Protein chains: 2
Amino acid sequence: MIKIVLIGSGNLAYHLIKQILLCEELTLVQVVARHPKTISDFLSDVSVIADVSQIAEADLYIIAVSDSVIETISASLPFNNQLVVHTSGSQSIEVLSAKNRRGVLYPLQTFSKNKTVNFNELPFCIEAENEKDSQLLERITALFTAKFYHINSQQRLALHVSAVFASNFVNHLYQISEKICDDNQVPFELLHPLITETASKIKTLSPLEAQTGPAVRRDISILEKHISFLHKNKTAHSIYKLITDSIQKLYVQKL
Amino acid sequence: MIKIVLIGSGNLAYHLIKQILLCEELTLVQVVARHPKTISDFLSDVSVIADVSQIAEADLYIIAVSDSVIETISASLPFNNQLVVHTSGSQSIEVLSAKNRRGVLYPLQTFSKNKTVNFNELPFCIEAENEKDSQLLERITALFTAKFYHINSQQRLALHVSAVFASNFVNHLYQISEKICDDNQVPFELLHPLITETASKIKTLSPLEAQTGPAVRRDISILEKHISFLHKNKTAHSIYKLITDSIQKLYVQKL
């Protein structure tokens, strides 16, 4: 039985608590939360405290809080030489205080409190300073998902930047797309199947092979028509030009 | 029984031929194709000719060719007052010769010859100059899909621009994302679940509500870290800054 203490009460903390409680091989001995209201669903299943001074003994301490407070919380822990991990995509393992054995357990997904997350499909990135801790993190992660990867801090930063492009920025393009539809009384739902197909295609083709559209075809007449269509929407206009340009440069290089 | 002649031999022509042959209420009387090799799968099911001078009589003529040749082909048809439609997202109904009754049948999806398309899920945009032709197009489309929409030429252009953002440009962001992964020895497949979730989320939330990430959170320390990470990749760097800026402007407006 592996004993875990979790620190945090945000969306990720919520889903981790839920998942840990489901695993028979794990015991969630305590949650440290300044805002226990957000995790009130679990008050009958686990002891919740507000302050680290009362923290229990455990095999693993998971700090699932905002990036900006990881360092402070890690430094405030009243013990040494324990395994302490954070869950951030963009923070190095080194923001954790060196008085403990350090690690990272980073699940690559967007979490919303009210949406169920399928942990079976969830990739987890593991990092630890020594082999034994690495194995423990692997053992725990394997209870959640078949997809775990050993990723160091520099790779994790790269992954986080990649995720911003493939998720946050993609969503912003969806938003621009929806705005153009709304402005022209076209239902955005018309684009749903295309959006689904575009996201699904890159599981069998690389994005480089999957590229279609007027930019890669160098269809100047359509490109001009689109740019002229967007002349009143300064931001969309700039993004259209910059990405078209980027696509064209890429495929010239590949010719 | 509705008689159809299809002109074209590209990917869309291929899938339309296949679909029309499946519908008992439709008869594909002829295909006009300069390059019959690409549609050789159907040579035993339908008569294929190379030149419009031999074109058969039909209730509907579908011109499924590249945008740049629609006008020429439509002008070269050796008859008047028949229903002739094109299948393009960005061309007005008016590129078709006025000597015939004009219309548009635009399926909103990317087509690759070797990938099966689920027509049931495929949105079709219909346009016609008169009510009777509009009804015929509706009747035919209803045999393919439950999702058909009456969309005029200006709306269809808006839809096509939206589709470029939501599909072609999104795919380019996937490509940048994959490149960053490759450069840092991280498997791109780690991002697949996030990409799927991002595309699926906007079916229940608007993209405006679904936005997450450091730009909308105004997490300056992460933004700076990412921009510095991208300093060697000029294009990705410019796109990162422009889209981050666009997200921040949008959410300031909404505050």
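Rules of the game
Residues numbered from 1 in each chain as written. Chains lettered and ligands numbered in written order. Predicted model: local features only at pLDDT ≥ 70, side-chain atom pairs only at ≥ 80, totals over all residues. Heavy atoms only, no water. Core = buried A, V, L, I, M, F, W, Y, C linked by side-chain atoms within 4.5 Å. Buried < 20%, exposed > 50% of the residue type's maximum accessible area, 1.4 Å probe, protein only. Contact = heavy atoms within 4.5 Å. Pairing = 2+ DSSP bridges. Helix = DSSP H or I, 4+ residues; strand = E, 2+ residues; numbered from the N terminus. Axes fitted to C-alpha atoms, helices over the stretch in contact; angles between N-to-C directions. Polar contact = N/O pair within 3.5 Å; in protein donor to acceptor, adjacent residues only side chain to side chain. Buried area = accessible area lost by both parts, 1.4 Å probe. Salt bridge = Lys/Arg side-chain N within 4 Å of Asp/Glu carboxyl O.

(A) Molecular detail of the nonpolar core. Ranked by size, the top nonpolar core spans 84 residues in total, and within it Phe165, Leu173 and Tyr174 of chain A together with Phe165, Leu173 and Tyr174 of chain B carry the most contacts. Excluding its chain neighbours within four sequence positions, the residues that come into contact with Leu173 of chain A are Ile239 and Ile243 of chain A together with Phe165, Phe169, Val170, Leu173 and Ile243 of chain B.

(B) Structural detail: the sheet that holds strand β5 (residues 83–86) of chain A. Residues and elements named next belong to chain A. The eight strands lie next to each other as β3-β2-β1-β4-β5-β6-β7-β8, forming an open sheet whose pairing is mixed. In this open sheet, the two strands that pair with only one neighbour each are β3 (48–49) and β8 (148–150). By the bridge criterion, three bridges tie strand β4 (residues 60–63) to β5 in an arrangement that is parallel. Directly across from Ile63, in β5, lies its bridge partner His86. Taken strand by strand, helix α3 (residues 131–144) contacts β1 (2–7), β2 (26–32), β4, β5, β6 (101–107), β7 (124–128) and β8, and its axis lies near 165° from that of β7.

(C) Quick look at the side chain of Ser88 of chain A. All names here are of chain A. Of note, Ser88 is situated in the loop between β5 and β6. A polar side-chain atom of Ser88 sits 3.2 Å from the main-chain amide nitrogen of Ser90. Discounting residues that sit within four places of it in the chain, Ser88 has contacts with Asp67, Ile70, Val104, Tyr106 and Arg156.

(D) Layout of the interface of chain A and chain B. Each partner contributes residues to the interface: chain A has 84 residues there, and chain B has 84 residues. Contact between chain A and chain B buries roughly 8,100 Å² in total, counting both sides, with carbon and sulfur atoms accounting for 69%. Area buried by chain A at its contact with chain B is led by Phe165, Phe169 and Leu190 of chain A, which between them contribute 9% of it. Our enumeration of links across chain A and chain B arrives at zero salt bridges. The interface formed by chain A and chain B holds 30 residue pairs in polar contact (both at pLDDT 80 or more) in total.

(E) Up close: the sheet that holds strand β6 (residues 101–107) of chain B. Residues and elements named next belong to chain B. Strand order in the open sheet made by the eight strands is β3-β2-β1-β4-β5-β6-β7-β8, with mixed pairing throughout. Strands with a single pairing partner mark the edges of an open sheet, and in this sheet they are β3 (48–49) and β8 (148–150). Pairing of strand β2 (residues 26–32) with β3 involves two bridges; the strand directions are parallel. By the bridge assignment for β3, Val31 is matched with Val48. Of the strands in this sheet, β1 (2–7), β2, β4 (60–63), β5 (83–86), β6, β7 (124–128) and β8 touch helix α3 (residues 131–144), which is tilted by about 165° from β7.

(F) Main features of the pairing of β6 of chain B. All names here are of chain B. Extensive coverage of β6 is indicated by the burial of six of its seven residues. One ladder, built from four bridges, connects β5 with β6; its direction is parallel. Looking at the pairing, His86 lines up with Val104 of β6. Note that β6 and β7 share five bridges and pair antiparallel. If you follow Val104 over to β7, its bridge partner there is Glu127.

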